[in-house]
Amino acid sequence: MRLRFVVLAIFLCFGGRPTGAHAVPLEGLYEATVSGDSTEAGRAPAATEALRQVTIRVTGRGSAAADPALQSFYADAPKYVLTYRSVAPGLVAVAFDPALVEAALTRLSQRLWGRERPQLLVVLEGPAAAVSAARRDLQVAAQVRGIPLQYAETRAETPPAVREGQPEALRSAAQTFGTDGVLVLRASTNGLSAVWTGPAGEGSATGGPAEVMDAMADRLGSVLAVSAADAGRLQVV
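In this text, all values refer to a predicted model and were calculated from it rather than measured experimentally.

(A) Examining the sheet that holds strand β4 (residues 81-88) more closely. Reading across from one edge, β3-β5-β4 is the order of the three strands in this open sheet, with antiparallel pairing throughout. Looking at the sheet topology across the chains shown, the edges are occupied by β3 (31-35) and β4. In this sheet, adjacent strand axes meet at a mean angle of 25° when their direction is disregarded. Examined bridge by bridge, β3 and strand β5 (residues 91-96) share five bridges and lie antiparallel to one another. Across the sheet, residue E31 finds its bridge partner in β5, namely A95. Where helix α1 (residues 40-59) meets the sheet, it contacts β3, β4 and β5, and its direction lies at approximately 130° from that of β3.

Rendered as structure tokens:
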């Protein structure tokens, strides 16, 4: 049976650029775990793949991995590495120097999204098996894209208006839970789709939790990532 996830997000932020009233510092922003090993022969390809993942997270652009303007940057990935660490058979965690990566991306005219990320309250609706699978996949996707999530653990925590995605109820729930927004997922038998709205704009997407998170993260990144020139102006103000 195919399931449909309808996703609505309200991002509650303050100020000219919505950083999130309850934004949290993201751990591991410049580290990624990829297939490979930490041997001399395996380091270069592991570093390249890991840097692609980190760049997606730091720029807020899913398309950054295949951006022609960044391919030479990825080819030089080993020179930005701080450490390689085997975490499981066939998996290696690669950590990069934040200052070097940011400097290189700035030279390439990339907008950067800092460590402070808006936190979302997630409300999952649907059959137990579907909810469990959605939560697992959504959490993985959120970690890849650098979006902190908090979950409403029981239906009793959220009134019907929240589960229905009513905007005012979502704003109230965000204030109650101390998050920057609310993400509601509901299941039906008509496939997977998503819609969202908030200061980062409104949009829609089709696909599973990973596709939903990619679309949302791209939209957030387009609003929250800043160029070096913008950052300078913000600091002066």
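(B) Quick look at the environment of R57. If you trace the backbone, R57 turns up in helix α1. In this structure, the C-alpha to C-alpha distance between R57 and E31, residues 26 residues apart in sequence, is 9.9 Å. For R57, the contacting residues outside a window of four places in its chain are L26, G28, L29, Y30, E31, A32, W113, R117, Q143, V144, R145 and G146. Polar side-chain contacts of R57 include one of 2.9 Å to the backbone oxygen of E31.

(C) Molecular detail of the side chain of R57. Buried within the structure, R57 lacks any salt-bridge partner; E31 is the closest side chain of opposite charge, at an N-O distance of 8.1 Å. Within the local environment of R57, its side chain forms a polar contact with the backbone oxygen of V144, the two atoms lying 3.0 Å apart.

(D) The arrangement of α1 in detail. Taking 1.5 Å as the rise per residue, α1 with 20 residues should run 28 Å; its terminal C-alpha atoms sit 29 Å apart, in good agreement. Of the positions making up α1, those classed as buried are G42, A46, A47, T48, A50, L51, V54, T55, I56, R57, V58 and T59. In the stretch just after α1, G60 is the one whose phi turns positive, near 75°.

About the thresholds
- Residues numbered from 1 in each chain as written.
- Predicted model: local features only at pLDDT ≥ 70, side-chain atom pairs only at ≥ 80, totals over all residues.
- Heavy atoms only, no water.
- Pairing = 2+ DSSP bridges.
- Helix = DSSP H or I, 4+ residues; strand = E, 2+ residues; numbered from the N terminus.
- Axes fitted to C-alpha atoms, helices over the stretch in contact; angles between N-to-C directions.
- Contact = heavy atoms within 4.5 Å.
- Polar contact = N/O pair within 3.5 Å; in protein donor to acceptor, adjacent residues only side chain to side chain.
- Buried < 20%, exposed > 50% of the residue type's maximum accessible area, 1.4 Å probe, protein only.
- Lys, Arg positive; Asp, Glu negative; His and termini not counted.
- Salt bridge = Lys/Arg side-chain N within 4 Å of Asp/Glu carboxyl O.
- Expected span 1.5 Å × (residues − 1).

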